[in-house]
Amino acid sequence: MRQRNAGKVYIVGAGPGDPELITVKAMRLIQQADVILYDRLVNKELLEYRASHAILIDCGKAPGAHTMPQEQIQKTLVRYAQEGCQVVRLKGGDPLIFGRGSEEALELAEWGIPYEFVPGITSAIGAASSSGIPLTHRGLAASFACVTGSRCHGPGKDVRWDLLAHGVDTLAIYMGVSELPSIREELLRHGKAASTPVALIERGTTASQRVIVGTLADIHTLAVSMKLSNPALIIIGEVVRVREQLLRAEQHALSLIG
Ligand code: SAH
């Protein structure tokens, strides 16, 4: 049943961290919104573009500490849309990649509330660019997969590390910081070479980005010694070597100039 005078909910990707990595459309919607519900990973600078009358609602979830339960977020979206508001549901990266945007859309659809997805640059794409690691590279990687490293991705949906170890060239693993030792073990157990390069990209695309590079053999100890923290992305595959090639080539060029 469609609501009369219903507003609309835009389920919007805010991009991976750097506030400039947002779409023109997302920025316009932020400027026009009556209500903005935003997540923890959204760069708060983006909220400064809101209209002066806009209501801001922090749905931020730190790992293990949910400030607003998913059900309550969904109810809030429905309520404001029914009041006729233009609602922006702002999420880090892309709303449909480990972002629960589709769960929220299902709830809105059930209530007959108009909604629209607005894509964002997902953190794997953002972190790959900002660390100089291509997810595909001619001759090195013809495929990549976005994978969750978290164990709590819902019942019956275990990640098939056995297939990923061989079937995909580059793995971009989200939510994997605390699970790094077990992810590494699974891949090694399924025959991935210990010499496979791995990069850990912390706070990718932001001014405080850190990149840690190792191999499957040593990456778990490097993560501990370097005190890796969230949010961070794990990239596994031969493409990680391209970063070193780029850095070497740049240094060489600079030494010729200098
Ligand atoms: N919808 C988001 C992902 C949400 S899941 C997206 O499309 O990017 C949260 C995970 O995303 C984090 O645990 C981390 O693995 C990754 N992540 C988010 N922002 C990041 C950043 N700036 N740098 C590295 N990883 C990031």
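Nothing here was measured: the structure is a model prediction, and the numbers come from that model. One numbering rule holds for all chains: residues counted from 1, following each sequence as written. Whole-chain, interface and lining totals are the exception, using all residues; otherwise, since this is a predicted model, local features are given only for residues with pLDDT of at least 70 and side-chain atom pairs are given and counted only at 80 or more. Side-chain figures throughout are based on the complete set of non-hydrogen atoms in the structure, without hydrogens or water.

(A) Molecular detail of the overall build of the protein chain. Helix and strand labels come from DSSP, where a helix needs a run of H or I of at least four residues and a strand needs a run of E of at least two; each type is numbered from the N terminus. Regarding its fold elements, the protein chain presents eight helices and 12 strands. Relative to the globule expectation of 18 Å for 258 residues, the C-alpha radius of gyration of the protein chain, 20 Å, shows essentially globular dimensions. Each principal axis of the C-alpha atoms in the protein chain carries an extent, and together these give about 60 × 50 × 35 Å. Type-normalised accessible area, obtained with a 1.4 Å probe on protein chains alone, sets the label of each residue: buried when under 20%, exposed when over 50%, and partly exposed for intermediate values. Within the protein chain, the proportion of its 258 residues that are buried is 44%. Two residues qualify as a contact provided that any one of their heavy atoms is within 4.5 Å of a heavy atom in the partner residue. Residue pairs in contact within the protein chain that sit at least 24 positions apart in sequence constitute 68% of those at least 6 positions apart. Within the structure as shown, the protein chain displays about 13,400 Å² of accessible surface, and the carbon and sulfur contribution to it stands at 54%. In the protein chain, 27 side chains carry a positive charge and 26 a negative one; their mean positions are 1 Å apart. Put simply, the radius of gyration uses C-alpha atoms, and a globule should come to 2.2 Å times the residue count raised to 0.38. For accessible areas, the Shrake-Rupley method is used with a probe of radius 1.4 Å. Any residue's cover is judged against the shown protein chains and nothing else. Only four residue types enter the tally: Lys and Arg on the positive side, Asp and Glu on the negative side; His and the chain ends are excluded. Each charge is placed at NZ for Lys, CZ for Arg, CG for Asp and CD for Glu.

(B) Examining the domain arrangement of the protein chain more closely. Note that the domain bounds were set by an automatic or database domain assignment. Here the protein chain is described as being made up of domain 1 (8–118) and domain 2 (123–245). Measuring from the centre of the C-alpha atoms in domain 1 to the corresponding centre in domain 2 gives 28 Å. Between domain 1 and domain 2, the contact holds nine residues from the first and 13 residues from the second. By convention, the term buried area covers the 1.4 Å-probe accessible surface removed from two parts as they join, with the contributions of both added. For the pair domain 1 and domain 2, the summed buried area comes to about 740 Å², and 77% of that belongs to carbon and sulfur atoms. Taken as a group, Pro-16, Ile-97 and Phe-98 account for 64% of the area that domain 1 buries against domain 2, more than any other trio of residues on that side. Only one rule defines a salt bridge in this text: a Lys or Arg side-chain nitrogen within 4 Å of an Asp or Glu carboxyl oxygen. Counting the contacts that link domain 1 with domain 2 gives zero salt bridges. Counting of polar contacts relies on pairs of N or O atoms within 3.5 Å, with two restrictions inside protein: one atom must be capable of donating a hydrogen and the other of accepting it, and residues adjacent in sequence are counted only when both atoms are side-chain atoms. Counting every contact that joins domain 1 to domain 2 gives one residue pair in polar contact (both at pLDDT 80 or more).

(C) The arrangement of helix H1 (residues 24–32) in detail. Where H1 is concerned, the buried positions are Ala-26, Met-27, Leu-29 and Ile-30. Taken end-on, H1 shows its buried residues confined to a sector of 160°, consistent with a single buried face. Packed against the buried residues of H1 are strand E1 (8–13), strand E2 (35–38), strand E6 (86–91) and strand E7 (115–118). By definition, the arc is the one covered by directions from the helix axis to the C-beta atoms.

(D) Quick look at the sheet that holds strand E3 (residues 55–58). The five strands are arranged E3-E2-E6-E1-E7 in an open sheet whose pairing can be described as parallel. For this open sheet the edge positions go to E3 and E7, each flanked by a neighbour on one side alone. Taking the axes of each pair of neighbouring strands and ignoring which way they run, one obtains an average angle of 15° across the sheet. Bridging between E1 and E7 involves four bridges; their strand directions are parallel. Following the sheet pairing, Val-9 is matched in E7 by Tyr-115. A fitted line through C-alpha atoms represents every axis, and for helices the fit uses only the stretch in contact; the resulting angles, taken between N-to-C directions, go from 0 to 180 degrees. Contacting E1, E2, E3 and E6, helix H2 (residues 70–82) runs over the sheet at an angle of about 155° to E6. Should DSSP find at least two bridges between two strands, the strands are taken to pair.

(E) The arrangement of the nonpolar core in detail. Among buried residues, the Ala, Val, Leu, Ile, Met, Phe, Trp, Tyr and Cys ones that are joined through side-chain atoms within 4.5 Å form a nonpolar core. Judged by nonpolar contacts, the single largest core of 22 residues is most densely connected at Trp-161, Leu-171, Ile-173, Leu-187, Leu-200, Ile-234 and Ile-236. Those residues in contact with Leu-171, other than ones at most four positions away along the chain, are Ala-145, Val-147, Trp-161, Leu-164, Leu-187, Ile-234, Ile-235 and Ile-236.

(F) Just the environment of Gly-176, in detail. Tracing the sequence through the fold places Gly-176 in the loop between strand E9 (170–174) and helix H6 (180–189). Separated by 25 residues in sequence, Gly-176 and Arg-151 have C-alpha atoms that sit 9.1 Å apart. Not counting residues within four places of it along the chain, the set of residues in contact with Gly-176 comprises Gly-149, Ile-183 and Ile-234.

(G) A look at the pattern of salt bridges. Applying the stated criterion to the full structure yields 14 salt bridges. Here Lys-75 makes a salt bridge to Glu-71, at a shortest N to O gap of 3.7 Å. With Lys-75 and Glu-71 both in helix H2, this residue pair falls four residues apart, about one helical turn. The same class applies to Lys-75 as to Glu-71, namely exposed.

(H) Representation of the site of the ligand within the structure. Whether a residue is near a molecule or strand depends on its heavy atoms: it is near if one of them lies within 4 Å of it. In the neighbourhood of the ligand, 18 residues make up the surrounding shell, with Ile-97, Thr-122, Ser-123, Gly-204 and Ala-232 lying closest. Within the contact set of the ligand, an oxygen atom lies 2.6 Å away from a side-chain nitrogen or oxygen of Thr-122. At a separation of 2.7 Å, an oxygen atom of the ligand approaches a polar backbone atom of Ala-232. For the ligand, the accessible surface in isolation is 550 Å², of which the surrounding protein chains cover 91%. Within the shell around the ligand, the residues separate by chemical class into 10 nonpolar, six polar and two charged. Residue-level mapping places the shell around the ligand at the junction of two domains, with at least three residues from each of domain 1 (8–118) and domain 2 (123–245). Amino acid classes used here: Ala, Val, Leu, Ile, Met, Phe, Trp, Tyr, Cys and Pro are nonpolar; Asp, Glu, Lys and Arg are charged; the rest, including Gly, are polar.

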